[in-house]
Amino acid sequence: MSDDEREYSEEEEEEEEEEERRPTVHEETVQKTEAEMVMEEKFKKKRDDEEENWKEYIETWRKQRAKEEDDLRKLKEKQAKRKYQREAEERKLMEQKRQQEEQHMKAMEEKRQREMEEKRRRLEEAEKRRQAMLNKVKEPEQIKPNFVVQKRTDGGPGASLGGSAMDKMMNVAAARGDMGKTKEQLADDKKIALSFRIKPLEIEGLDKEKLKEKAKELWEIITKLETDKYDLEERQKRQEYDLKELNERQRQINRNKALKKGLDPEALSGRYPPKLQVASKYERRIDRRSYGDKKNLFDGGFETHVVQSLEKVWNDRMNQFDEKKGRLPKWLGEQPGKKKR
């Protein structure tokens, strides 16, 4: 064999060996399938693990959710129970407060009733005394004033006034008490006074004759009240006239006192005391200066005048010294540093 044929044969042998060593198509398919199976098993195992984890997580979440719902339910029950207890406590407190208010109102009403009864009793006694006084006044043999007039023997002021000091003070205190009352209190007093002065009109079941007698009785009562009203009005007019007369007498007395003291005639008749008289009343001219000017007129004296004059001299000399202080004196001797000729 030649060399070319040997080389060719060697190449063919090498190719055949390579073909023998190269795997077939079936073997490659088998190998790829096994790898995929391994990967699929890994993926499947991983997926199974994840599903198992998800199942555990969902189970844990469901248990936690059930526990939270149970706690929430217990909390709501507790809140509802507490709300019911609070409402019961509030109802109890409101009931106690209402009872206290009722007791307070009841006590106030009882106190007011006692005061009204006491006031009614006092007014009834006063009405009885007034009626007794009117009955005594109407009797012809016992016509006397209901007050005592004590006349002065010296004929001084207040000669026509009477009554003790205690009676006067009692009247003043009663008047002040009436002035200090409110409108509601005065209305209550009026209602109480009218309640026992105005009797209820009972005409039910009366026949014609009795109604006539009742009307006649009412007419007599009205006539009596009108008569009393006229008497009281006349008495009030007389008292007002007496008060005016007494005020005029008091004014004349104060006028005489002011003239004796050398004051203005109306100085003691006003609301305020007279002004202080500083100057003499025997001066010919009327002093028009004010009180401050008159007061400064008597302040100080010779000592004050001396102090003022010394202070004036001191101020003048200080002013003169300040004026001369700006000019320097002339040099009379030899000036320093100047050479002699």
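As the structure is a computational prediction, the values presented were derived from the model and not from experiment.

Some details on the overall build of the protein
Part 1: On a plain count of helices and strands, the protein comes out with 7 helices and 0 strands.
Part 2: Secondary structure of the protein in N-to-C order comes out as α-α-α-α-α-α-α.
Part 3: Within the protein, the fraction of its 341 residues that count as buried is 5%.
Part 4: Sequence-distant contacts in the protein: of pairs separated by 6 or more residues, those separated by 24 or more amount to 32%.
Part 5: About 33,300 Å² of surface is accessible on the protein, with carbon and sulfur atoms providing 53% of the total.

Focus on the packing of aromatic side chains
Part 1: Scanning the model with the defined rule gives 1 aromatic pair in all.
Part 2: Here Trp54 and Tyr57 contribute two aromatic rings whose centre-to-centre distance is 5.9 Å and whose plane-to-plane angle is 85°, an arrangement assigned as edge-to-face. Of this pair, Trp54 and Tyr57 are both found in helix H2 (residues 25–138), 3 residues apart, which corresponds to roughly one turn of the helix.

Quick notes on the environment of Glu266
Part 1: Mapped onto the elements of the fold, Glu266 is located in the loop between helix H5 (208–260) and helix H6 (291–297).
Part 2: Counting along the chain gives 12 residues from Glu266 to Asn254, while the straight-line C-alpha distance between them is 7.8 Å.
Part 3: A polar contact of 3.3 Å, which involves the side chain of Glu266, links it to the side chain of Arg255.

Let's talk about helix H4 (residues 183–197)
Part 1: A rise of 1.5 Å per residue sets the reference length of H4, with its 15 residues, at 21 Å; its end C-alpha atoms lie 21 Å apart and thus fit the reference within 8%.
Part 2: Within the span of H4, buried status applies to Asp189, Ile192, Ala193 and Phe196. The arc that holds the buried residues of H4, viewed along the axis, is 95°, so those residues lie on one side. Residues of H4 that are exposed and point more than 90 degrees away from the buried face comprise Lys183, Glu184, Lys190 and Lys191.

A short note on the pattern of salt bridges
Part 1: Applying the stated criterion across every chain, the model contains 16 salt bridges.
Part 2: Residues joined by salt bridges that share partners form a network here, namely Asp70, Arg73, Lys74 and Glu77.

Some details on the side chain of Lys119
Part 1: Inspection of the secondary structure assignment puts Lys119 in helix H2.
Part 2: You can call Lys119 buried: its relative accessible area is 18%.
Part 3: Ignoring any residue separated from it by four or fewer positions in sequence, one finds Lys119 in contact with Asp189 and Ile192.

A look at a negative patch on the surface
Part 1: Judged by side-chain charge, Asp48, Asp49, Glu50, Glu51, Glu52 and Glu56 come together as a negatively charged surface patch.
Part 2: Relative to the helices and strands, Glu50 resides in helix H2.
Part 3: Taking relative accessible area as the criterion, Glu50 reaches 41% and is therefore assigned partly exposed.

A look at the environment of Arg255
Part 1: Among the secondary structure elements, Arg255 is positioned in helix H5.
Part 2: The residues touching Arg255, leaving out its near neighbours within four places in the chain, are Pro265 and Glu266.

A word on the confidence of the model for the protein
Part 1: Confidence along the protein averages 77 in pLDDT terms, with 73% of residues attaining 70 or more.
Part 2: Mean pLDDT values for the elements of the protein range from 56 in helix H3 (residues 165–179) up to 91 in H5.
Part 3: Predicted confidence is poor over residues 154–166, with pLDDT under 50, and the contacts of this stretch with residues over four places away or in other chains come to 18 contacts.

Parameters and conventions
Residues numbered from 1 in each chain as written. Predicted model: local features only at pLDDT ≥ 70, side-chain atom pairs only at ≥ 80, totals over all residues. Heavy atoms only, no water. Helix = DSSP H or I, 4+ residues; strand = E, 2+ residues; numbered from the N terminus. Buried < 20%, exposed > 50% of the residue type's maximum accessible area, 1.4 Å probe, protein only. Contact = heavy atoms within 4.5 Å. Areas by Shrake-Rupley, 256 points an atom, 1.4 Å probe, with all protein chains shown as cover. Phe/Tyr/Trp six-rings, centres within 6.5 Å; stacked < 30°, edge-to-face > 60°. Polar contact = N/O pair within 3.5 Å; in protein donor to acceptor, adjacent residues only side chain to side chain. Expected span 1.5 Å × (residues − 1). Arc of directions from axis to C-beta. Salt bridge = Lys/Arg side-chain N within 4 Å of Asp/Glu carboxyl O. Patch = residues over 30% accessible without salt bridge, like charges linked within 9 Å, V, L, I, M, F, W, Y side chains within 5 Å. Lys, Arg positive; Asp, Glu negative; His and termini not counted. Charge placed at Lys NZ, Arg CZ, Asp CG, Glu CD. pLDDT = per-residue confidence, 0-100.

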